[in-house]
Amino acid sequence: MSTDPDTYEGQIGALASTAATDLRSDTVTRPTPAMREAMYRAEVGDDVYGEDPTVNRLEELAAEAVGKEAALFVPTGTMGNAIAILTHCRRGDEVIVGDRAHIYLYEVGGAARLNGSPARAIPNLPDGGLDPQRLLASFLGDDVHEARTGLLCVENTHNMCGGRALSPATLRALVAPARQRGVPVHMDGARLFNAAVSLGAPARELAAEVDSVMFCLSKGLSAPVGSMLAGSRDFIAQARRGRKLLGGGMRQAGVLAAAGIVGLTEMVERLADDHANAQRLAQGLAEIPGIRIAPETVQTNILFFDALDADGQPQNEAFTSAAASQGVLLSGGDLGGIRAVTHSGISVADIDRALQVARSVAQQTAPAVRR
Ligand SMILES: Cc1ncc(COP(=O)(O)O)c(C=O)c1O
């Protein structure tokens, strides 16, 4: 790519490059030159009137990609999940989630605050799934004392379970108890395409097991903004009201949708590179004394590890801040270690640089803690 600041390519290159190797999240991805071009040229209209041709095209493409009748463009994954809860549940219905689910931990208690829906968290299995027996015992509603169970939420890939991907067979077993009880299922598929690429299964096969699915355009797919909520035509018609209620009805949103279209059509297959980079990072970290990681559990673009002191105790905060001072940004996992996430802004050379820094930080910080 040109580095001449007087050219369009050069300006994009400068915008896209930062000094740091940023492994905090795949949300830090920047729009590609093709996205910026598409945004510039996007045909637009008022999307609340249903008149934005680019949003309409994105919604059709998204519905097709996940094998649902219809889809809705929403500003964020959090809003997509909240709308799903509002649409599936009556007010006060309980929502069953995994105890490491993003919906449960990191969406500001939206189910309770927006729909009066208590969340019942049951323990996630290490692979991001839930135990079907435990699940079956968790459904409520037969007794007059109980709230009704209005929804089961699953997450794929599972962020806080280390980016694990649930296969169609695992999903089927997981969803069966809900089917038995007539409870709808929503999938937080913020990284659904990472799951699909890793498993070699089309996204629509993963989404076939659930009633609604949310996926993000703004993470591995590298669009600047936006997520999609998909389901039946009736569900999406209702969800459109939910989006308006939450203030997510946007107007000439085609400029954003245009980037999403590029994400969906050009950025899916390359996720395999992110997975290979995560694997390279995991293998390299496993060779560093003082780092604890199980590389065999790394399936997609997310990995967790611990940095240990000389007594074998985690010293993750000290490690993360020392790495940051050497230009490698990681996120401090409050639940289980340091998180690294690979994405389109990370090359093989960046991974090797991160490993070099990890090696030197591990050498420096362990003796410091021992003192
Ligand atoms: C699994 C999962 N679901 C939902 C979200 C929410 O997406 P957003 O940041 O667009 O609200 C995230 C964000 O990181 C996530 O990791």
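Residues numbered from 1 in each chain as written. Predicted model: local features only at pLDDT ≥ 70, side-chain atom pairs only at ≥ 80, totals over all residues. Heavy atoms only, no water.

Undergrad: Which residues make up the site of the ligand, and what are the values?
TA: Surrounding the ligand, one finds 13 residues, the nearest of these being Gly77, Thr78, Asp188, Arg191 and Lys219. One nitrogen or oxygen atom from the side chain of Thr78 is found 2.6 Å from an oxygen atom belonging to the ligand. Coverage of the ligand by the protein chains reaches 84% of its 390 Å² of free accessible surface. If you tally residues by element for the shell around the ligand, the top one is helix α4 (residues 77-88), at three residues. Tallied by class, the residues present in the shell around the ligand amount to two nonpolar, six polar and five charged. (Near = heavy atom within 4 Å. Polar contact = N/O pair within 3.5 Å; in protein donor to acceptor, adjacent residues only side chain to side chain. Areas by Shrake-Rupley, 256 points an atom, 1.4 Å probe, with all protein chains shown as cover. Helix = DSSP H or I, 4+ residues; strand = E, 2+ residues; numbered from the N terminus. Nonpolar A, V, L, I, M, F, W, Y, C, P; charged D, E, K, R; others polar.)

Undergrad: Could you give me a rundown of the pairing of strand β2 (residues 70-74), with the residues and numbers involved?
TA: Residues in a regular strand point their side chains to alternate faces of the sheet. Taken across its five residues, β2 has five buried, putting it largely inside the fold. On β2, burial covers both faces: Ala70, Leu72 and Val74 on one face and Ala71 and Phe73 on the other are all buried. In terms of strand pairing, β2 meets strand β8 (residues 227-231) through five bridges, oriented antiparallel. Counterpart to Leu72 in the pairing with β8 is Leu229. (Buried < 20%, exposed > 50% of the residue type's maximum accessible area, 1.4 Å probe, protein only. Pairing = 2+ DSSP bridges.)

Undergrad: Can you break down the confidence of the model for the protein chain residue by residue, with the values?
TA: Averaged over all residues, the pLDDT of the protein chain is 93; the fraction at 70 or higher stands at 93%. No element of the protein chain has a lower mean pLDDT than helix α1 (residues 8-16), which averages 46, and none a higher one than β8, which averages 99. Note on residues 10-16: pLDDT under 50 across the span, and 13 contacts to partners over four residues away in sequence or across chains. (pLDDT = per-residue confidence, 0-100. Contact = heavy atoms within 4.5 Å.)

Undergrad: Account for the sheet that holds strand β7 (residues 212-216), naming residues and giving values.
TA: Taking strand neighbours across the sheet as the criterion, the seven strands line up as β2-β8-β7-β6-β5-β3-β4 in an open arrangement whose pairing is mixed. Only two strands of the sheet have a single partner each, and these edge strands are β2 and β4 (119-122). On average, each strand axis in the sheet is inclined to that of its neighbour by 20°, with strand direction left out of account. Note: β7 against β8, four bridges, orientation antiparallel. For Val213, the partnering residue across the bridge sits in β8 and is Ala230. Helix-sheet contacts for helix α3 (residues 53-66) involve β2, β7 and β8, and the interaxial angle to β2 is about 125°. (Axes fitted to C-alpha atoms, helices over the stretch in contact; angles between N-to-C directions.)

Undergrad: Mind laying out the environment of Val74, listing which residues take part and the relevant values?
TA: Turning to its location among the elements, Val74 is positioned in strand β2. A residue is classified by how much of its surface remains accessible, and Val74, at 0% relative accessible area, is buried. Separated by 152 residues in the primary sequence, Val74 and Gly226 place their C-alpha atoms 5.8 Å from one another. Setting aside residues up to four positions removed in sequence, Val74 forms contacts with Gly80, Ile83, Gly226, Ser227, Met228, Arg243 and Met250.

Undergrad: Give me the pattern of salt bridges: which residues, what numbers.
TA: Following the criterion strictly, the structure yields 15 salt bridges and no others. Between Asp46 and Arg251 there is a salt bridge, with its nearest N and O atoms 3.2 Å apart. Here Arg251 lies in the loop between α11 (233-245) and α12 (254-266) and Asp46 lies in the loop between α2 (33-41) and α3, a separation of 205 residues in the sequence. Judged by its relative accessible area of 14%, Asp46 is buried. With relative accessibility at 38%, the residue Arg251 sits in the partly exposed group. Between Glu94 and Arg120 there is a salt bridge, with the nearest N and O atoms lying 2.9 Å from each other. Here the residue Glu94 occupies a position in strand β3 (residues 94-98), and Arg120 occupies one in strand β4, the gap between them amounting to 26 residues. When its relative accessible area of 7% is taken as the criterion, Glu94 is described as buried. (Salt bridge = Lys/Arg side-chain N within 4 Å of Asp/Glu carboxyl O.)

Undergrad: Lay out the packing of α4 against α11 in plain terms, naming residues and giving numbers.
TA: Between α4 and α11, whose axes approach to 9 Å, the crossing angle comes to 120°. In terms of their interaxial angle, α4 and α11 are classed as oblique. Here α4 runs over α11; the crossing is right-handed. For the pair α4 and α11, contact is made by Met79, Ile83, Ala84, Leu86, Thr87 and His88 and by Phe235, Gln238, Ala239, Gly242, Arg243 and Leu245, respectively. Looking at side-chain class alone, the contact of α4 with α11 contains seven nonpolar, four polar and one charged residues. (Parallel < 35°, antiparallel > 145°, perpendicular 65-115°, else oblique. Left-handed = near helix turned anticlockwise from the far one by under 90°.)

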